[in-house]
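Fold and geometry: a report
Given next are the chains, with one letter for each unit.
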Amino acid sequence: LQARLRTDPACLPAAIDEILRLDAPLISARRRTTGRTSIGGTTLEAEEPVTLMWAGANRDEKVFVDADRFRLDRDPQLNLLYGAGIHVCPGAPLARLEMRVFVEELLRRVRLVPAAGSKPVRALYPAGGFESLPMMAVPLGPQEGCQGRIP
């Protein structure tokens, strides 16, 4: 994936959204119902607490074909990483920009490889991602480097 993003940097925004869809940093969100409603055949009264599992919704096979597979052709509007509707994250554009710039600069300088003799440790709920992911940053050779800034 690193090599592809270096040679085809236009894929970078889709790759970042897809990585975060698959390995969400935000697992869930808590809300309260605003009125009586029915979800999946269960009736909930007004003001009942509910937990929305964003990470589970982003793996819904009815929405994401091959939901457990990394794909660059997904519709980013379906990704609930940053919430939806009135609960969409107002910082989403800034978060996307920060991630893109960070990954651009990382790809321009190094190739990441798993650190020898170390094992990744998954974060525990309610966190997502990794508690520890030991990696080595290997400087790029002349044939791997990008010419200039990734657009």
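Structure's up top.
These numbers come from a predicted model, not from an experiment.

For the rest of this paragraph, the subject is the environment of A127. Mapped onto the elements of the fold, A127 is located in the loop between β6 (121-122) and β7 (130-132). In this structure A127 comes out as partly exposed when scored by relative accessible area, which is 39%. Sequence separation between A127 and F70 is 57 residues, and the spatial gap between their C-alpha atoms is 21 Å. In this structure, A127 is in contact with P25 and I27, ignoring residues within four places of it in sequence.

Here we take up helix α4 (residues 92-109). In an α-helix, one turn spans 3.6 residues; hence positions three or four apart end up facing the same way. End to end, α4 covers 26 Å across 18 residues, agreeing with the expected 26 Å (1.5 Å per residue, within 8%). Among the residues making up α4, those that are buried are A92, V103, E104, E105 and L107. Considering only its buried residues, α4 is in contact with α1 (2-7), α2 (12-22) and β5 (110-114).

Among the nonpolar cores identified, the biggest contains eleven residues, and these are L5, C11, L12, A15, I16, L20, L81, Y82, A92, V103 and L107. Listing elements by their share of this core, those giving two or more residues are α2 and α4. With four residues, the top contributor of residues to this core is α2. Ignoring anything within four residues of it in the chain, the contact list for A15 reads L5, F70 and L72.

Here we take up unusual backbone geometry. The omega torsion of the bond from Y125 to P126 falls at 15 degrees, within 30 degrees of zero and hence cis. With respect to the secondary-structure elements, P126 resides in the loop between β6 and β7. Of note, E47 is a non-glycine position whose phi angle comes to about 70 degrees, a positive value. Its location among the elements puts E47 in the loop between β3 (42-44) and β4 (49-52). Non-glycine residue D66 carries a positive phi angle of around 55 degrees. Summarising the element assignment, D66 is placed in the loop between α3 (54-57) and α4.

Before going further, it helps to spend a moment on the pattern of salt bridges. Side chains that carry opposite charge are capable of pairing whenever their charged atoms lie near each other. This structure, assessed with the given rule, holds twelve salt bridges. R96 is the salt-bridge partner of D17, the closest N and O atoms lying 3.2 Å from each other. Taken together, the residues D17 in helix α2 and R96 in helix α4 connect sequence positions 79 residues apart. For D17, a relative accessible area of 8% gives the class buried. By relative accessible area, R96 is classed as partly exposed at 33%. Two residues, R109 and E105, come together in a salt bridge whose shortest N-O distance is 2.3 Å. Separated by four residues within a single helix, R109 and E105 lie in helix α4, roughly one turn from each other.

Calculation notes
Residues numbered from 1 in each chain as written. Predicted model: local features only at pLDDT ≥ 70, side-chain atom pairs only at ≥ 80, totals over all residues. Heavy atoms only, no water. Helix = DSSP H or I, 4+ residues; strand = E, 2+ residues; numbered from the N terminus. Buried < 20%, exposed > 50% of the residue type's maximum accessible area, 1.4 Å probe, protein only. Contact = heavy atoms within 4.5 Å. Expected span 1.5 Å × (residues − 1). Core = buried A, V, L, I, M, F, W, Y, C linked by side-chain atoms within 4.5 Å. Salt bridge = Lys/Arg side-chain N within 4 Å of Asp/Glu carboxyl O.

Remember that the coordinates give geometry; whether it matters functionally is a separate question.
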